[in-house]
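One-letter residues, chain by chain:
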2 protein chains.
Amino acid sequence: MYQNPGPIHICIAGTGNLGTHLVNSVLPDKVKVTHVIGRSLENAKMLAGRFQASFDNTFLNIPKDTRFVILALPDDHISSCCKELADYEGVVVHCSGALPMDALAAAKHFGVMYPLQTFSKVRNLYLKHVPFFVEACNAETLHEMQQLAACYTENIWEVNSQVRKQIHLSAVLSNNFINHLLSYSKNLLDEVDMPFEILHPLLKETIEKAMLLGPENAQTGPALRRDRNTIETHLESLQNKPNMQEYYTLFTKLIQDHGTSNAR
Amino acid sequence: MYQNPGPIHICIAGTGNLGTHLVNSVLPDKVKVTHVIGRSLENAKMLAGRFQASFDNTFLNIPKDTRFVILALPDDHISSCCKELADYEGVVVHCSGALPMDALAAAKHFGVMYPLQTFSKVRNLYLKHVPFFVEACNAETLHEMQQLAACYTENIWEVNSQVRKQIHLSAVLSNNFINHLLSYSKNLLDEVDMPFEILHPLLKETIEKAMLLGPENAQTGPALRRDRNTIETHLESLQNKPNMQEYYTLFTKLIQDHGTSNAR
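Residues numbered from 1 in each chain as written. Chains lettered and ligands numbered in written order. Predicted model: local features only at pLDDT ≥ 70, side-chain atom pairs only at ≥ 80, totals over all residues. Heavy atoms only, no water.

Trainee: Which parts of the structure should I look at to understand the relation of the copies chain A and chain B?
Mentor: There are two copies of the chain, and a rotation about an axis plus a shift along that axis relates them. Superposing chain A onto chain B takes a rotation of 180° plus a shift of 0.0 Å along the axis, which leaves an RMSD of 0.0 Å. Seen this way, the second copy is the image of the first under a two-fold rotation axis. No C-alpha of chain A approaches the rotation axis more nearly than that of I178(A), which lies at 2.9 Å. Both copies contact each other with a shared surface, as 100% of the interface residues of chain A are interface residues in chain B too. (Least-squares fit on C-alpha atoms with pLDDT ≥ 70 in both. Contact = heavy atoms within 4.5 Å.)

Trainee: Would you take a moment to explain the interface of chain A and chain B for this structure?
Mentor: Listed per partner, the contact involves 93 residues of chain A and 93 residues of chain B. At the boundary of chain A with chain B, total buried surface from both sides reaches about 9200 Å², with 67% on carbon and sulfur atoms. It is R123(A), Q166(A) and F177(A) in chain A that bury the most area against chain B; as a group they hold 7% of the surface buried on that side. With a shortest N-O distance of 3.4 Å, K186(A) and E216(B) are connected by a salt bridge. (Buried area = accessible area lost by both parts, 1.4 Å probe. Salt bridge = Lys/Arg side-chain N within 4 Å of Asp/Glu carboxyl O.)

Trainee: Just checking my understanding: could you explain the nonpolar core for this structure?
Mentor: Counting residues in hydrophobic clusters, the biggest one holds 114 residues, and the most contacted among them are L71(A), I167(A), L71(B) and I167(B). If we ignore the near neighbours within four places in the chain, the residues touching L71(A) are A13(A), F59(A), I78(A), C82(A), L85(A), V92(A), V93(A), H94(A), C95(A) and L104(A). (Core = buried A, V, L, I, M, F, W, Y, C linked by side-chain atoms within 4.5 Å. Buried < 20%, exposed > 50% of the residue type's maximum accessible area, 1.4 Å probe, protein only.)

Trainee: Would you mind going over the packing of helix α6 (residues 200-213) of chain A against helix α5 (residues 161-191) of chain B with me for this structure?
Mentor: In a packed pair of helices, the relevant descriptors are the angle between the two axes and the axis-to-axis distance. Relative orientation of the contacting elements α6(A) and α5(B) amounts to 20°, with a least axis distance of 10 Å. It follows from the interaxial angle that α6(A) and α5(B) lie roughly parallel. The chirality of how α6(A) crosses α5(B) is right-handed. Residues L202(A), L203(A), T206(A), I207(A) and A210(A) of α6(A) form the contact with α5(B), whose participating residues are A171(B), S174(B), N175(B), I178(B), N179(B) and L182(B). (Axes fitted to C-alpha atoms, helices over the stretch in contact; angles between N-to-C directions. Helix = DSSP H or I, 4+ residues; strand = E, 2+ residues; numbered from the N terminus. Parallel < 35°, antiparallel > 145°, perpendicular 65-115°, else oblique. Left-handed = near helix turned anticlockwise from the far one by under 90°.)

Trainee: How should the pattern of salt bridges be read in this particular structure?
Mentor: When the charged atoms of two side chains with opposite charge come close together, those side chains can pair. Applying the stated criterion across every chain, the model contains 18 salt bridges over all chains. Between R123(B) and E205(A) there is a salt bridge whose closest N-O contact spans 2.9 Å. With one member in each of two chains, R123(B) in the loop between β6 (109-115) and β7 (132-136) and E205(A) in helix α6 form a pair that bridges those chains. The pair R123(B) / E205(A) is uniform in exposure class, with both members buried. Linking K186(B) and D190(B) is a salt bridge whose minimum nitrogen-to-oxygen distance equals 3.8 Å. Of the two residues, K186(B) and D190(B) are both situated in helix α5; the distance of four residues between them amounts to about one turn of the helix. By relative accessible area, D190(B) is classed as partly exposed at 41%.

Trainee: Mind showing me how you'd approach the sheet that holds strand β3 (residues 54-56) of chain A here?
Mentor: Consider a sheet: its strands pair through backbone hydrogen bonds, and that pairing is either parallel or antiparallel. All names here are of chain A. Strand order across the open sheet formed by eight strands is β3-β2-β1-β4-β5-β6-β7-β8, with mixed pairing between neighbours. Taken across any chain shown, the strands that pair with only one partner, and hence form the sheet edges, are β3 and β8 (156-158). Each strand of the sheet is rotated relative to its neighbour by a mean of 25°, with strand direction disregarded. Two strands pair when backbone bridges link them, and strand β1 (residues 8-13) and strand β4 (residues 68-71) are joined in this way by four bridges, in the parallel orientation. Looking across to β4, one finds that C11 is bridged to V69. Sheet contacts for helix α1 (residues 17-24): β1, β2 (31-37), β4 and β6 (109-115); angle to β1, the most-contacted strand, approximately 160°. Here helix α4 (residues 139-149) sits on the sheet in contact with β1, β4, β5 (91-94), β6, β7 (132-136) and β8, set at roughly 155° to β7. (Pairing = 2+ DSSP bridges.)

Set out below in structure tokens:
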């Protein structure tokens, strides 16, 4: 069978953090972004620039030879946008961790490609080792999804929507909740005029150690040691911060429960 | 005034994670560990090996020329051990983040040297950039404490017990609580037969981003977006884990509060 040796033509819908990275992180010999769709024509035009792609603020003018339309959009917009693609002959893709694949059921061919990473426009990322989780409506489309993911990464996994949801939950804990703890730590340091930078060596080592030893072997601190004096002195420091006291108490309880049994 | 050009002689009491690093991470041209004290003579002997130091399981035989006795011990043992050093002519030091300096008031000269790092015997650490927080009973001793800390790090801060306690609290959040989140993330992945390694690129980027942009500028995710569908689907996934559901709900609330006002 003749295989087109040229790059895959794709359309990206969405000019946010994810859309931007999906345009900027492709390997240009494998993929050509030929069309960019954004609510703001200005943003779509800017993102289209790298590939001199066409741009639009509707789904009406997708070039015929586009093999994928990737909906890099908020979860609650995906299903309705997909309905506008009911006649599209290529594969409609979403990139969400939490949204089931069947949100795309209005399309003829559809699949999911979920990259397990946090994206910001201001950070350039190297995606080669980032895990991408793919799923598709049938075996043939799955093969296509794998080809698409391979344009970004060497680390491809096939999982269903249920498994992907659980992976996404673990990512929310590992990114959003960790970042919130850091935000809170920074506030505590601000209060005593200390720069956040003093935590950098600890943060690096915390993550290194958890990756190397496994987090279950890296737990330390007053909660695990059941060091009541320190726990009380910490709660005292937090006496004007009821939310944070609740947080501290709950963490202490969870760490202690976790130490004796498994997570519940 | 004649300055002894040789290394400072110190005694380490405690053969746990911290004691081990305080022996193994000193710059040998600056410090000589001449005596190691441990409840277990075996452990004390082992740790003494690097410097061919003497070792003991009591505080009775500290060599006369020892300038510091560092109590690398659990917080609740420090005060009582210090009482055994009432006649000691050098400086008695503790390394705790949470314990006030006056826990050492029984000593003639005393001070605190708190290294902001997580220590495990199995990890070799480079302490040169780790912040060390020092405090002392008077100006002269403070100068000595700074000399001692300079044997480990280039990053020395003088803070009082109150400030140190708050720094320690931020470290508990940044290390213990983060590690617990990672432990929980690993459990979630175990349940769907996914290796913890799939989170590594996300974890690295989470920390990098928080360090570079500041955590207050790096927050993302369903809680901040007030994406109720995803939050509900996550809570559903956790329906057999009431502790974790509570945790998730609280984090969501805190992230949302934090987004609109400041931490409370």
